Number of protein chains: 2
Amino acid sequence: MPTVSSEELATAAGVNSAKLRKDFSYLGSYGTRGVGYDVEYLVYQISRELGLTQDWPVVIVGIGNLGAALANYGGFASRGFRVAALIDADPAMAGKPVAGLPVRHTDELEAIISDNGVSIGVIATPAGAAQQVCDRLVAAGVTSILNFAPTVLSVPEGVDVRKVDLSIELQILAFHEQRKAGEDSPSPAAPAAAARSGAGVRSSASRKGPDGDVPAVMPA
Amino acid sequence: MPTVSSEELATAAGVNSAKLRKDFSYLGSYGTRGVGYDVEYLVYQISRELGLTQDWPVVIVGIGNLGAALANYGGFASRGFRVAALIDADPAMAGKPVAGLPVRHTDELEAIISDNGVSIGVIATPAGAAQQVCDRLVAAGVTSILNFAPTVLSVPEGVDVRKVDLSIELQILAFHEQRKAGEDSPSPAAPAAAARSGAGVRSSASRKGPDGDVPAVMPA
DNA sequence: ATGCCTTTGTGAACGCGTGCACAAAGATGG
DNA sequence: CCATCTTTGTGCACGCGTTCACAAAGGCAT
Ligand SMILES: NC(=O)c1ccc[n+]([C@@H]2O[C@H](COP(=O)([O-])OP(=O)(O)OC[C@H]3O[C@@H](n4cnc5c(N)ncnc54)[C@H](O)[C@@H]3O)[C@@H](O)[C@H]2O)c1
Ligand SMILES: NC(=O)c1ccc[n+]([C@@H]2O[C@H](COP(=O)([O-])OP(=O)(O)OC[C@H]3O[C@@H](n4cnc5c(N)ncnc54)[C@H](O)[C@@H]3O)[C@@H](O)[C@H]2O)c1
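Residues numbered from 1 in each chain as written. Chains lettered and ligands numbered in written order. Predicted model: local features only at pLDDT ≥ 70, side-chain atom pairs only at ≥ 80, totals over all residues. Heavy atoms only, no water.

## Examining the sheet that holds strand S1 (residues 3-4) of chain A
All names here are of chain A.
Then, in step 1: Overall, antiparallel pairing links the 3 strands, which are arranged S1-S3-S2 in an open sheet. The open sheet has two free edges, formed respectively by S1 and strand S2 (31-32), since each of these has just one partner strand.
Then, in step 2: Alignment of S2 against strand S3 (residues 36-38), held across 2 bridges, turns out to be antiparallel. If you follow Thr32 over to S3, its bridge partner there is Gly36.
Then, in step 3: Strands S1 and S3 of the sheet are contacted by helix H3 (residues 39-50), whose axis makes an angle of about 75 degrees with S3. (Pairing = 2+ DSSP bridges. Helix = DSSP H or I, 4+ residues; strand = E, 2+ residues; numbered from the N terminus. Contact = heavy atoms within 4.5 Å. Axes fitted to C-alpha atoms, helices over the stretch in contact; angles between N-to-C directions.)

Next comes the structure, spelled out in structure tokens:
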């Protein structure tokens with residue numbers, strides 16, 4: 001029976017072994033003292049706890065550069081996610097196949113969500129359309145949203161939103177990069193914690209950019 | 001002079017106003033009591049602290065579906081980042097223009113990094129090539145990496161890596177989704193903190209998938 | 001069966017980020 | 001010039017996650 005110790009796993013993952021054991025203990029402690037964890041059983045337990053034993057239908061809204069790349073990405077299917085439909089507002093795209101699936105028009109959004117029991121939606125539209133799309137998804141029954149548009153979405157309680165903002169990722173890297181360069185005294189005691197916040201800071205009078213995309217943090 | 005109070009900003013960002021003030025205090029506290037913060041000056045200070053006053057040349061390695069989408073993304077330029085070059089290993093792509101830039105072959109990687117003073121690199125290659133690409137980037141002088149390949153990169157001290165793993169984002173959503181559904185007793189005291197870790201858990205004997213992409217968490 | 005060795009599971013202490021609450025500072029109006 | 005009002009800057013305490021450290025448990029060899 002193939003087993004792994006918490007120490008091996010911790011080293012591989014780059015975390016503390018005690019933390020890993022404590023985390024595992026929350027799902028029922030199925031290790032054997034003196035031996036470790038049964039790999040197969042452990043994987044099953046974690047998969048089950050994470051909700052990976054069922055497969056989740058997801059819809060991708062906004063089939064542009066990014067949306068198409070996501071649709072073509074094989075990593076979803078292998079992790080228990082199934083792309084139920086690709087949705088775009090552009091009538092010219094309707095019916096056109098992307099990654100083997102025909103693009104559906106936004107008009108069908110509610111029906112698609114409902115028919116497929118979709119509870120997870122991916123938004124890859126321009127920022128200007130994101131909130132509107134979000135509202136429709138939520139109204140149709142979606143309760144989890146992965147947002148790629150650079151906007152803070154407001155949703156009713158009970159709906160989870162995760163935001164992926166590539167610009168912010170780069171900004172965080174640039175922040176640390178700058179620190180490496182100026183090794184003298186760029187704000188002595190700043191705990192770098194501020195760099196972790198995903199929330200964008202805007203003035204109360206801020207406006208969106210010309211194309212409704214990427215709210216500018218800098219004035220010019 | 002347009003100003004904002006910490007309370008306004010905090011509400012907009014969805015955070016506590018005290019936290020926001022304390023964060024600002026790390027960069028020198030330039031607010032005026034009874035009034036608030038001068039918007040323009042505050043934006044400048046934050047931009048400077050974040051390293052946004054200079055523009056950072058970046059290279060994107062792996063111009064496939066995702067890499068091309070990134071190259072076409074306008075959000076980088078507007079935040080102070082400049083795509084210095086697009087790099088791919090496929091000889092057929094060399095010279096072909098993507099988003100207005102000619103794709104350069106991997107052979108030129110070191111020269112490109114050096115000539116442009118690039119310190120930030122984006123990896124969008126298949127997972128199997130990521131570590132190798134990473135090593136070359138680092139050897140050439142890159143000290144910050146944004147990694148889209150589903151692999152944990154190992155880098156020498158002093159090099160920052162940020163990983164964007166879309167599958168994990170979806171898994172986190174699915175995890176919470178599952179909780180909403182089974183409202184009875186799915187592991188009573190699990191603090192949901194485990195879902196935040198970005199580290200992938202693999203058995204010590206794990207192998208990559210057939211195409212060297214997406215290390216499978218589940219056995220089958 | 002007994003003793004030894006390995007590794008788990010977890011109580012307790014530590015460290016750190018977050019939020020509260022308030023004194024000090026400055027603007028504003030009389 | 002003084003009173004009052006608003007908002008900052010921050011000391012302090014609370015809560016939570018992380019880490020240490022170790023007793024208990026189980027395997028394994030003798
Ligand atoms: N391309 C990237 O690498 C990248 C990176 C980070 C963030 N983003 C963000 O992701 C979003 C999409 O980026 P992109 O490069 O794919 O843009 P894109 O312009 O190529 O694609 C946008 C797509 O959304 C569709 N669309 C517009 N309004 C819609 C609506 N109301 N309902 C449904 N579909 C609608 C358009 O028809 C188009 O196909 C943008 O918000 C962008 O800021 C993109
Ligand atoms: N497409 C997505 O939405 C998506 C989402 C999440 C993660 N990812 C990850 O991003 C990576 C790229 O995804 P993709 O869909 O663009 O794949 P892709 O196959 O379309 O593109 C990969 C590109 O990398 C190039 N490449 C291969 N080896 C290279 C090397 N050694 N040096 C330089 N270039 C090399 C290939 O020529 C190809 O152009 C993968 O690791 C994938 O798992 C993609």
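Resuming the write-up.
## Comments concerning the protein's contact with DNA strand D
Then, in step 1: If you check the shell around DNA strand D, you find 22 residues, and the closest are A:Arg33, B:Ser6, B:Arg21, B:Gly34 and B:Tyr37.
Then, in step 2: At 3.2 Å from a phosphate oxygen of DNA strand D is found a main-chain nitrogen or oxygen belonging to B:Gly31.
Then, in step 3: Within the backbone of B:Gly34, an N or O atom sits 2.9 Å from a sugar or linking oxygen of DNA strand D.
Then, in step 4: No other element matches the 4 residues that helix H2 (residues 17-25) of chain A contributes to the surface near DNA strand D.
Then, in step 5: Of the residues belonging to the surface near DNA strand D, the class tally is 5 nonpolar, 10 polar and 7 charged. (Near = heavy atom within 4 Å. Polar contact = N/O pair within 3.5 Å; in protein donor to acceptor, adjacent residues only side chain to side chain. Nonpolar A, V, L, I, M, F, W, Y, C, P; charged D, E, K, R; others polar.)

## Comments concerning the site of ligand 1
Then, in step 1: By nearness alone, 24 residues border ligand 1, and A:Asn65, A:Leu66, A:Asp88, A:Ala124 and A:Thr125 come closest of all.
Then, in step 2: Neighbouring residues of ligand 1 are not confined to a single chain but are spread across chains A and B.
Then, in step 3: With respect to ligand 1, the side chain of A:Asp88 contributes an N or O atom lying 2.5 Å from an oxygen atom.
Then, in step 4: Within the backbone of A:Thr125, a nitrogen or oxygen atom sits 2.6 Å from an oxygen atom of ligand 1.
Then, in step 5: For the shell around ligand 1, the secondary structure elements donating two or more residues are helix H4 (65-72) and helix H6 (127-140) of chain A together with helix H4 (65-72) of chain B.
Then, in step 6: Considering only residue class, the shell around ligand 1 consists of 16 nonpolar, 5 polar and 3 charged.

## Observations regarding the protein's contact with DNA strand C
Then, in step 1: Around DNA strand C lies a shell of 22 residues, among which A:Ser6, A:Arg21, A:Tyr37, B:Lys22 and B:Arg33 are the nearest.
Then, in step 2: In DNA strand C, the atoms that sit within 4 Å of the protein are 62% sugar and phosphate, with bases accounting for the remainder.
Then, in step 3: A:Ser6 places a polar side-chain atom, nitrogen or oxygen, 2.6 Å from a phosphate oxygen of DNA strand C.
Then, in step 4: Between DNA strand C and B:Lys19, the relevant distance is 3.2 Å, taken from a phosphate oxygen to a side-chain nitrogen or oxygen of the residue.
Then, in step 5: Considered class by class, the residues forming the surface near DNA strand C number 5 nonpolar, 10 polar and 7 charged.

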